[in-house]
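Residue-level structural notes
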Amino acid sequence: MAGWIILGSILLLLVILMMCPVYLSVHLEDENRITLGYLFIKYPLYPLKLKQKEVKEAETEETERQEKKIASEKKTKAKVKVLETIQMILDLAKASASPLFHLLRRTYLVYLDVYLDVGGEDAAEIAMNTTKYRATISYFIGLFRNLHLLKRMKRVRIAPNFLKEETEYKVSFCLMWRLSTILYAVLAAVIKYVILQFKKGSEGELQTAEHSQKQSIKK
């Protein structure tokens, strides 16, 4: 009985963790910041804050890596297989298209704060840029609202300023996903990519076997 209680508690804990949100906070102003958050954990994606010792170690490792890379290129003189790289990228894009769409449909905009003081060299340019910025922001706001994915909008202010030559901006927004949604999208993309590679491998083996059979018949 105690074993079932422990197992049930573990499963309940996993379900709760899967349903917890993952936040991506973006602040665009004088100092741009991108932060990834989950529960009480916050990890800065940009800018990365490294200690001086870590920076020196990273630079040393990078130098050694570059030297090894140059030495390896001199020894092997191997050519880059561009076609295979392009094919791999196409396969990844094909495998991740549907999971990525699934992830985008479940992306919540939980916070939005936009301030644009549009400047420019002449009045026509300022007016055109102001209209362009307003149309772009309005499109994305309408998209999230129609999908019922917009949670909170603090402020959206886009105004022309004919006395300034440069545009001042302050944009902050926060996106949210369920951890289960992210894991599902990643696993689905990986599984589809593996299946695609398996099918290609099977087709290649079949073509090789048919070619060998034709060669044997000719002999």
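First, a word on what this report is: a plain description of the structure on this page. (Residues numbered from 1 in each chain as written. Predicted model: local features only at pLDDT ≥ 70, side-chain atom pairs only at ≥ 80, totals over all residues. Heavy atoms only, no water.)

A closer look at the pairing of strand E6 (residues 168-178)
So the rule is basically this: By the convention used here, strands pair only if DSSP detects at least 2 bridges between them. Helix and strand labels come from DSSP, where a helix needs a run of H or I of at least four residues and a strand needs a run of E of at least two; each type is numbered from the N terminus.
Bridge count between strand E1 (residues 21-28) and E6: 8 bridges; the pairing is antiparallel. For Leu24, the partnering residue across the bridge sits in E6 and is Leu175.

Focus on the packing of aromatic side chains
Condition: Under the pairing criterion, centres of Phe, Tyr and Trp rings, with the six-membered ring standing for Trp, must be within 6.5 Å; the plane angle then separates stacked pairs below 30 degrees from edge-to-face pairs above 60, leaving the rest tilted. The rule is simple: take the accessible area with a 1.4 Å probe, protein chains only, and divide by the maximum for that residue type; under 20% is buried, over 50% is exposed, in between is partly exposed.
This structure, assessed with the given rule, holds 1 aromatic pair. Judged by centre distance (5.4 Å) and plane angle (75 degrees), the ring pair of Tyr139 and Phe140 falls under edge-to-face. Assessed through its relative accessible area of 44%, Phe140 is described here as partly exposed.

Let's talk about helix H4 (residues 123-146)
Our working rule: By this rule the span expected of a helix is its residue count minus one, scaled by 1.5 Å. We call two residues in contact when some of their heavy atoms are within 4.5 Å.
A rise of 1.5 Å per residue sets the reference length of H4, with its 24 residues, at 34 Å; its end C-alpha atoms lie 34 Å apart and thus fit the reference within 8%. Among all positions in H4, only Ile126, Asn129, Thr130, Ile141 and Phe144 are buried. Buried residues along H4 sit in contact with strand E4 (108-118) and strand E5 (155-160).

Section: the pattern of salt bridges
Keep this limit in mind: A pairing counts as a salt bridge when a side-chain nitrogen of Lys or Arg comes within 4 Å of a carboxyl oxygen of Asp or Glu.
The full count for this structure, using the stated rule, is 2 salt bridges. Of the charged contacts in the structure, one is a salt bridge between Asp117 and Lys164, with a shortest N-O distance of 3.5 Å. Taken together, the residues Asp117 in strand E4 and Lys164 in the loop between E5 and E6 connect sequence positions 47 residues apart. Look at Asp117 and you get buried, because its relative accessible area is 7%. For Glu168, the salt bridge goes to Lys164, with nearest N and O atoms at 2.9 Å. A single salt-bridge network, built from bridges that share partners, covers Asp117, Lys164 and Glu168.

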